[in-house]
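Topology and contacts: notes
The chain contents come next:
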Amino acid sequence: MLATLALAAILATAPGSPEDASPAFVEVGADVGIDFVHYNGMTGQLYTAEVVGAGVALFDYDNDGDLDVYLGQGRSFEGDENRQPVFPPPAAEPTDRLFRNGLAETGELRFTDVTSEIGVHAPGYNIGVATGDYDRDGWVDLYLTNLGPNRLLRNLGGRGFEDVTETAGVHDRRFSVPAVFFDYDADGWLDLYVGNYHRFHRANRKRCYLTSGQPDYCGPLSQPAEADRLLRNLGDGTFVDATVSSGLGADSVEAGTALGAIADDFNGDGLVDLYVANDQMANHLWLNQGDGTFLEDAVFAGAAFDRDGRPQASMGVAVADFDGNGAPDIFLSHLVREHNTLYLNDGDGLFDDRSREAGLIDASWPMTGFGAASLDVDGDGALDLYVVNGAVRRIEAQVDAGDPHPLRMENQLFRGLGGGRFETVPAERREQPVHVEVSRGLAVGDLDNDGDPDLVISNNAGPARGLLNQRRPGRDWVGLRLVEAAGDDGQGIVDVYGARARLTDGGGWQRVHTDGSYAAARDPRLLFPLPGDGAPAGEGAKRAVEIRWPDGTAQTVTLETGRYHVVQRGAEDRGAPP
């Protein structure tokens, strides 16, 4: 009885609990060198495309062991060059920006804009970013979804990037938003899914209005949806279009307005599937059949519509085991007056909308959510949710107040209570300072390598934000990167997407991936906070970690706590990253 009361007292004042008044995050973006303002090219014409970007990625482009930041940029719309822009364009030609993290070199979290130095040339109208080492040379590459054309940038050993879009055969000139690198045919080479939104032609747009009669942005169904694409990696630097042969282009499946996408094994058969979040249309769940084809099964599985059988404006997507039953659940962010949705997986690939029971409806009802991520903010072992918000229909009160970009909303943090339940964290305990902006992309990763998850947010027509986690000072942890040999000489390494790991003495499985959220790519490393009273276990402390590789083989390694490890398939721990 006394032990139970003592534990309750500890939990009551644990970081992130209602009694803990300190903020979970502190915003430091510009202070640490992430000096970037997105330009959306708006001139008052109210094009849908101007309010859906832009992308953000956290990835280690130079293989020095810390996360660098890639931010997508907009530009003026073709034919609007002579119109007066609402916001001033960048002084130089608008282009995406790459910021190098100097942590590994100096020990200080400081970013430097190396776009020109590295030779990143990406002048398109960016919407999203995906990361993956498609050519298995040991260096992470970039796929950029744009308001046509998309681009594949090959990493040249950390010294620069080369546009190989045409030679690789991955071009797409439509209105693309999500992209996913995943190995659907299990041949060791990352394939590529590209999700398209709807048909966009500046000159043929429809006119839409607020209830007051003022002009407004049109919804997704104002234009026909565009078909998605699946590109199979041939292993020689090129891809072949497998959309039709795989079944993703089946005539029996209506094209969707894709905004979010993520790959995982949703039905537990050992094959990687694909979930696509569509805007105001049925979502798609593509189940891998193991023979190079997919079967669309979202309606039967219960993950196409909300619990009332209605399609929602699905945008951001996060997949994790929120209720602790060992199966991947699905969280979706949605439009104002629709609420965010949590589909719980029964373990056999059948889903139940448990949004109300999860405590998500009331807080998300007045919001329009985009980027969404699962992460353990406070290190208590229960997964939390961070959602970035921003309207897509003009907010009349902000219009009346003269705001030139009247789509601003607060972001939200939902603290996990375990069992698939959440509580909303008040703004002042979510982050400081609190910003009300038009947020879109959300990328999760450990920017300062201190063992807790940080965030980078891309804002439409606003500054990028970097949020450092403040919750777990001194608490113990284990981090790992799961890899296999790569490169012509076998000396390089590549992240094994789909590999899973968990602590042998408790806790859920985590999966290596960079996809999900909205228009973003996250840190592929896995991070395990360790239970305790907040103090490190001491020098030399170790924990055992069980690993399941995508081919079904298992491996157990014992790792020192308080740092990251690189674990190679079939080999011992390679040690800390460089």
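Residues numbered from 1 in each chain as written. Predicted model: local features only at pLDDT ≥ 70, side-chain atom pairs only at ≥ 80, totals over all residues. Heavy atoms only, no water.

Pairing is antiparallel in the open sheet, where 4 strands are placed in the order S24-S25-S27-S28. Two strands close off the open sheet at either side, each with one partner strand: strand S24 (369-375) and strand S28 (421-424). For this sheet, the mean inter-axis angle between neighbouring strands, taken without regard to orientation, is 25°. One ladder, built from 3 bridges, connects strand S25 (residues 384-389) with strand S27 (residues 412-418); its direction is antiparallel. By the bridge assignment, Tyr386 is partnered in S27 with Leu413. (Pairing = 2+ DSSP bridges. Helix = DSSP H or I, 4+ residues; strand = E, 2+ residues; numbered from the N terminus. Axes fitted to C-alpha atoms, helices over the stretch in contact; angles between N-to-C directions.)

Per the domain assignment, the segments of the chain are domain 1 (25-469) and domain 2 (478-568). Each of domain 1 and domain 2 has a C-alpha centre, and these two points are 23 Å apart. Listed by partner, the interface residues are 51 residues for domain 1 and 25 residues for domain 2. Of the roughly 2,700 Å² buried between domain 1 and domain 2 on both sides combined, carbon and sulfur atoms contribute 48%. When residues of domain 1 are sorted by the area they lose upon contact with domain 2, Thr131, Arg136 and Val444 head the list and together hold 18% of the total. Summed over the shared surface of domain 1 and domain 2, the number is 3 salt bridges. With a closest N to O distance of 2.9 Å, Arg511 and Asp264 form a salt bridge. Within the residue set of the side of domain 1 that touches domain 2, elements represented by two or more residues are strand S2 (56-59), strand S6 (126-132), strand S10 (176-182), strand S16 (258-264), strand S20 (317-320), S24 and strand S31 (439-445). (Domains from an automatic or database assignment. Contact = heavy atoms within 4.5 Å. Buried area = accessible area lost by both parts, 1.4 Å probe. Salt bridge = Lys/Arg side-chain N within 4 Å of Asp/Glu carboxyl O.)

Our focus in this paragraph is empty space enclosed by the protein. What the rule picks out here adds up to 5 cavities of 30 Å³ or more. By volume, the largest cavity amounts to about 110 Å³. Lining of the largest cavity is provided by Leu46, Tyr47, Thr48, His198, Arg199, Phe200, His201, Arg205, Lys206, Cys218, Ser222 and Gln223. Class assignment for the residues of the lining of the largest cavity results in 4 nonpolar, 5 polar and 3 charged. By volume, the second largest cavity amounts to about 90 Å³. Lining the second largest cavity are 17 residues; nearest its centre among them are His513, Asp515, Gly516, Ser517 and Arg522. Breaking the lining of the second largest cavity down by element, the ones donating at least two residues are S20, S24, S31 and strand S38 (520-521). Residue assignment places the lining of the second largest cavity across two domains, with domain 1 (25-469) and domain 2 (478-568) each supplying three or more. (1 Å grid on protein atoms, 1.4 Å probe; cavity = no way out; pocket = protein on both sides within 12 Å on 5 of 7 lines; lining within 4 Å. Points joined across faces, edges and corners; volume = space filled by probe spheres on them. Nonpolar A, V, L, I, M, F, W, Y, C, P; charged D, E, K, R; others polar.)

Aromatic rings considered in pairs are described by the distance between their centres and by the relative angle of their planes. Scanning all chains against the criterion turns up 17 aromatic pairs. Seen in terms of ring centroids, Phe266 and Tyr275 are 6.2 Å apart; in terms of plane orientation they differ by 55°. Their pairing is tilted. Comparing Phe266 with Tyr275, the two get one shared label, buried. The interplanar angle of 70° and the centroid separation of 5.9 Å between the aromatic rings of Phe322 and Phe422 together place this pair among those described as edge-to-face. (Phe/Tyr/Trp six-rings, centres within 6.5 Å; stacked < 30°, edge-to-face > 60°. Buried < 20%, exposed > 50% of the residue type's maximum accessible area, 1.4 Å probe, protein only.)

Looking now at the sheet that holds strand S36 (residues 500-503). Within the open sheet, the 4 strands sit side by side as S37-S36-S40-S41. Their pairing is antiparallel. The open sheet has two free edges, formed respectively by strand S37 (510-511) and strand S41 (554-560), since each of these has just one partner strand. Bridge count between S36 and strand S40 (residues 542-548): 4 bridges; the pairing is antiparallel. Residue pairing in the sheet places Arg500 in a bridge with Arg548 of S40.

Here we come to the pattern of salt bridges. In this structure the tally under the stated criterion is 37 salt bridges. For Arg430, the salt bridge goes to Glu410, with nearest N and O atoms at 3.5 Å. With Arg430 in helix H10 (residues 427-430) and Glu410 in strand S26 (residues 409-410), the pair connects residues that are 20 residues apart, well separated along the chain. Relative accessible area serves as the criterion here: at 2%, Arg430 is assigned to the buried category. Here the salt bridges share partners, and the residues they tie into one network are Asp62, Asp64, Arg100 and Glu105.

With that settled, the discussion passes to the layout of surface pockets. Taken as a whole, the second largest pocket spans an internal volume of roughly 510 Å³. Taken together, 21 residues make up the lining of the second largest pocket; nearest its centre are Phe77, Glu78, Leu147, Gly148 and Phe200. Per-class residue counts for the lining of the second largest pocket are 7 nonpolar, 5 polar and 9 charged.

Moving on, we come to the environment of Glu338. In this structure, Glu338 sits in the loop between strand S21 (329-332) and strand S22 (341-345). Taking C-alpha positions, Glu338 is 14 Å from Gly359, a pair spaced 21 residues apart along the chain. Contacts of Glu338, omitting those with residues within four sequence positions, involve Pro311, Gln312, Ala313 and Trp365.

A few words now on the state of the cysteines. The term disulfide refers to a covalent linkage connecting the sulfur atoms of a pair of cysteines. The final tally for this structure, using the stated rule, is 1 disulfide. Residue Cys208 pairs covalently with Cys218 via a disulfide, S to S 1.9 Å. Taking the torsion about the S-S bond as the criterion, the Cys208 to Cys218 disulfide, at about 105°, is right-handed. With Cys208 in strand S12 (residues 208-209) and Cys218 in the loop between strand S13 (215-216) and strand S14 (229-233), the pair connects residues that are 10 residues apart, well separated along the chain. With relative accessibility at 10%, the residue Cys218 sits in the buried group. (Disulfide = S-S within 2.5 Å.)

What follows is about the side chain of Ser458. Locating Ser458 in the fold gives a position in strand S32 (residues 454-459). With relative accessibility at 5%, the residue Ser458 sits in the buried group. For Ser458, the side chain forms a polar contact with the main-chain oxygen of Ala54, separated by 2.6 Å. Within the structure, the side chain of Ser458 is placed 2.9 Å from the backbone nitrogen of Gly441, a separation counted as a polar contact. (Polar contact = N/O pair within 3.5 Å; in protein donor to acceptor, adjacent residues only side chain to side chain.)

A few words now on the pairing of S25. Taken across its 6 residues, S25 has 6 buried, putting it largely inside the fold. The side-chain alternation of S25 yields two buried faces, one formed by Asp384, Tyr386 and Val388 and the other by Leu385, Val387 and Asn389. As paired elements, S24 and S25 share 5 bridges and run antiparallel to each other. Paired with Gly369 across the bridge in S25 is Asn389.

Consecutive residues of a regular strand have side chains that alternate between opposite faces of the sheet. The buried fraction of S14 amounts to 4 of the 5 residues, a majority that puts the element mostly inside the structure. Where S14 folds back on strand S15 (residues 239-241), the antiparallel hairpin that results is connected by 5 residues, among which Gly235 adopts a positive phi of roughly 85°.

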